[in-house]
Amino acid sequence: MKEIFTDILNISITAGILIGVCILVRCIFKKMPKYMRCLMWLLVAVRLAIPFTIESPFSMLPAKEYVVEQNQQIVISNEVKPETVTEMSKAPAVETKPAVDVMSVLAIVWLTGVGAVLIYGAVSYIRLRKLVADAVKYQKNIYQTDKIQTAFILGIFKPRIYIPYGLSQTELFMSVSHEEAHIKRLDNLVKPLAFVITAFYWFNPLVWIAYTLLCKDIELACDERVIRKIGYDKKKDYSQALLNLSIPRHYIAACPVAFGEIGINERIKNVLKMKKTNKILIALAFALCAVLAVCFLTYPKESRLVKDSKAKANNEVTTGDVDEGAEVDAPDDENVSEDNDGPVEVIVTDDPDDGVEVEAPEEDAAPEEATSTKAIWPIDGSIVITRQHSEDHNGIDIAAAEGTAVRSIFAGTVVETGKNDSDGYYIIIQSADGMKCKFAHFKDAATVSNGASVSAGTAVGAVGSTGNSTGPHLHMEISDKAGNSIDPLEIMPE
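Residues numbered from 1 in each chain as written. Predicted model: local features only at pLDDT ≥ 70, side-chain atom pairs only at ≥ 80, totals over all residues. Heavy atoms only, no water.

Chemist: Got a minute to help me understand the nonpolar core in this structure?
Modeler: Most often, soluble globular proteins keep nonpolar side chains buried together rather than apart. Judged by nonpolar contacts, the single largest core of 44 residues is most densely connected at Leu18, Cys22, Trp41, Val44, Leu48 and Tyr201. Contributing elements (two or more residues each) for this core: α1 (2–28), α2 (34–49), α4 (102–131), α6 (187–200), α7 (205–230) and α10 (279–296). The element that contributes the greatest number of residues to this core is α1, accounting for 9 residues. Counting residues in hydrophobic clusters, the runner-up holds 28 residues, among them Val414, Cys437, Val463 and Met492. (Core = buried A, V, L, I, M, F, W, Y, C linked by side-chain atoms within 4.5 Å. Buried < 20%, exposed > 50% of the residue type's maximum accessible area, 1.4 Å probe, protein only. Helix = DSSP H or I, 4+ residues; strand = E, 2+ residues; numbered from the N terminus.)

Chemist: When you look at α6 in this model, what are you seeing that I'm missing?
Modeler: Given 3.6 residues per helical turn, the α-helix brings residues three or four places apart onto the same face. The end-to-end C-alpha separation of α6 is 20 Å, in line with the 20 Å expected for 14 residues at 1.5 Å each. If you check which residues of α6 are buried, you get Asp187, Asn188, Lys191, Ala194, Phe195, Ile197, Thr198 and Ala199. (Expected span 1.5 Å × (residues − 1).)

Chemist: Help me understand the packing of helix α5 (residues 169–184) against α7 in this model?
Modeler: Working note: a packed helix pair is described by the angle between its axes plus the distance between those axes. The interhelical angle for the contact between α5 and α7, taken along N-to-C directions, is 115°, at an axis separation of 9 Å. Our pair here, α5 against α7, has a crossing hand that is right-handed. Counting all contacts with α5, which are made through Phe173, Met174, Ser177, His178, Ala181, His182 and Lys184, the residues of α7 involved are Ile218, Glu219, Cys222, Asp223, Arg225, Val226, Lys229 and Ile230. (Axes fitted to C-alpha atoms, helices over the stretch in contact; angles between N-to-C directions. Left-handed = near helix turned anticlockwise from the far one by under 90°. Contact = heavy atoms within 4.5 Å.)

Chemist: Help me understand the side chain of lysine 235, please; the structure alone is not making it clear to me.
Modeler: You can see lysine 235 is positioned in helix α8 (residues 235–244). For lysine 235, the side chain forms a polar contact with the main-chain oxygen of leucine 272, separated by 3.1 Å. Other than its neighbours up to four places away in sequence, lysine 235 contacts Ile227, Val271, Leu272 and Met274. (Polar contact = N/O pair within 3.5 Å; in protein donor to acceptor, adjacent residues only side chain to side chain.)

Chemist: Please clarify how the pairing of strand β6 (residues 160–164) should be interpreted in this entry.
Modeler: For a regular strand, the rule is simple: side chains alternate between the two faces of the sheet. By the criterion of burial, β6 is predominantly enclosed, with 4 of the 5 residues buried. Summarising the sheet, strand β4 (residues 142–145) and β6 pair through 4 bridges and their orientation is parallel. Its bridge partner lying in β6, tyrosine 143 is registered against tyrosine 162. In terms of strand pairing, strand β5 (residues 152–154) meets β6 through 3 bridges, oriented antiparallel. When the bridges of β6 are listed, leucine 154 appears paired with arginine 160. (Pairing = 2+ DSSP bridges.)

Chemist: Is there a simple way to think about the environment of cysteine 222 in this case?
Modeler: With respect to the helices and strands, cysteine 222 occurs in helix α7. Residues cysteine 222 and tyrosine 35 lie 187 residues apart in sequence; the distance between their C-alpha atoms is 8.1 Å. Among all residues touching cysteine 222, those that are not within four sequence positions of it are His178, Ala181, His182 and Arg185.

Chemist: Help me out: how do you make sense of unusual backbone geometry in this one?
Modeler: Across residues other than glycine, the phi torsion is negative in most instances, and most of the peptide bonds are trans. Phi at leucine 186 is positive, roughly 65°, even though this residue is not glycine. Here leucine 186 is to be found in the loop between α5 and α6. Take leucine 186: its relative accessible area is 46%, and that puts it in the partly exposed class. Not every positive phi belongs to a glycine, and histidine 441 is a case in point at roughly 70°. The residue histidine 441 is located in strand β15 (residues 436–442) in this model. The class for histidine 441 is buried, based on a relative accessible area of 0%.

Chemist: So what exactly am I meant to see when it comes to a positive patch on the surface here?
Modeler: On the surface, Lys184, Arg225, Arg228 and Lys229 cluster together to form a positively charged patch. Here the positive patch takes 3 residues from α7, the largest share from any one element. Assignment of secondary structure puts arginine 225 in helix α7. You can call arginine 225 partly exposed: its relative accessible area is 35%. (Patch = residues over 30% accessible without salt bridge, like charges linked within 9 Å, V, L, I, M, F, W, Y side chains within 5 Å. Areas by Shrake-Rupley, 256 points an atom, 1.4 Å probe, with all protein chains shown as cover. Salt bridge = Lys/Arg side-chain N within 4 Å of Asp/Glu carboxyl O. Lys, Arg positive; Asp, Glu negative; His and termini not counted. Charge placed at Lys NZ, Arg CZ, Asp CG, Glu CD.)

Now the structure itself:
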């Protein structure tokens, strides 16, 4: 559910940018044909309803994703007493407790809001149907009732026009012409569909503004269509009918399209100023809509950094290899790693020999003491950090394709491997000076066993998405010998 909500958030932000641009265009180009405004809102509806990812060099969107959900956890206890290597290997698993998953909570709130808005619309529609249940057929699909104040359409697939009793011939003609224009324009389908889309983005005020402006522009466009049909000399009669049949705004909460619905003053002014539309202006309006579609319905192309990282990740050997010359002391012959074909990362140290090779400790002997821990990046190629270390996130998340080889960042001893609901497949490696590195969300079990000595660059597993994860990535945590969490970037090479 939270994955869907994350997608909804990203689409909402992208659509919000497009809505802002459409509002700006609407304010600047006031003489634009009103049906062209409706076409702009159609672009917004497409952006909200269809999660496509077409890339274009002309895209003016700042990014593809703005919200990325990753694993979150709070470590309750990660203390392991390292008296000996043997005791380390027998130490209990790290006790973890999932943190309050904010995205899951927000996803539930979002879904509840969607249900509430849709239920409100359904209840309002049912009440309106009951209100006109005793309407008498006037002719064709036109019905009369004394319980309404203005003409409107009700029904999606078989729409009916409902009119109040007591209309003059002019009012009847104008209101019915208006509602018939709505049906020809399929507004009885467009407005309910727009309401449903808005319900899914109820938390975004820009989407509600877009829906309100769409309702206004639908009426303005329909007014223009009627005037073009009945003649520009009937503008005053049409305006008077609008004024006579205007109704309070709240009345139309559940009504798809109505004659005296909203923005009466604006509509009357627009009708009285209406002239034949210039063909050049129409062509320019179409061109503007095309530009908006190209610039805001497409996503920017991925940066070279991200593409290079993905390409290198896809070409990585998915099973761990060991740097040439490095030694691994495993419990048995089956756990000995093979030679490493991948490139060796630069180690942050003045002595290039430090951290490259670790002598296997003698039996029952603790690892040789070291003055400091030197680290390398666990993944070859360009590093893309998708989430940094913070108070509620004990490590960093590194973007990588599933199966990418993960290597030990320093020389040390494997003190724990396993699998749980939060971390999925994980491994914990401790350096000679007590620093610990934890990798989580491996694709499969670690390729080295508890008690094994590893050198910097030794392959220990492969990137996956097991445990509490929304997609393939590597979660890496670092803690000092006292068990305090530290930012991995503090010890990683630049």
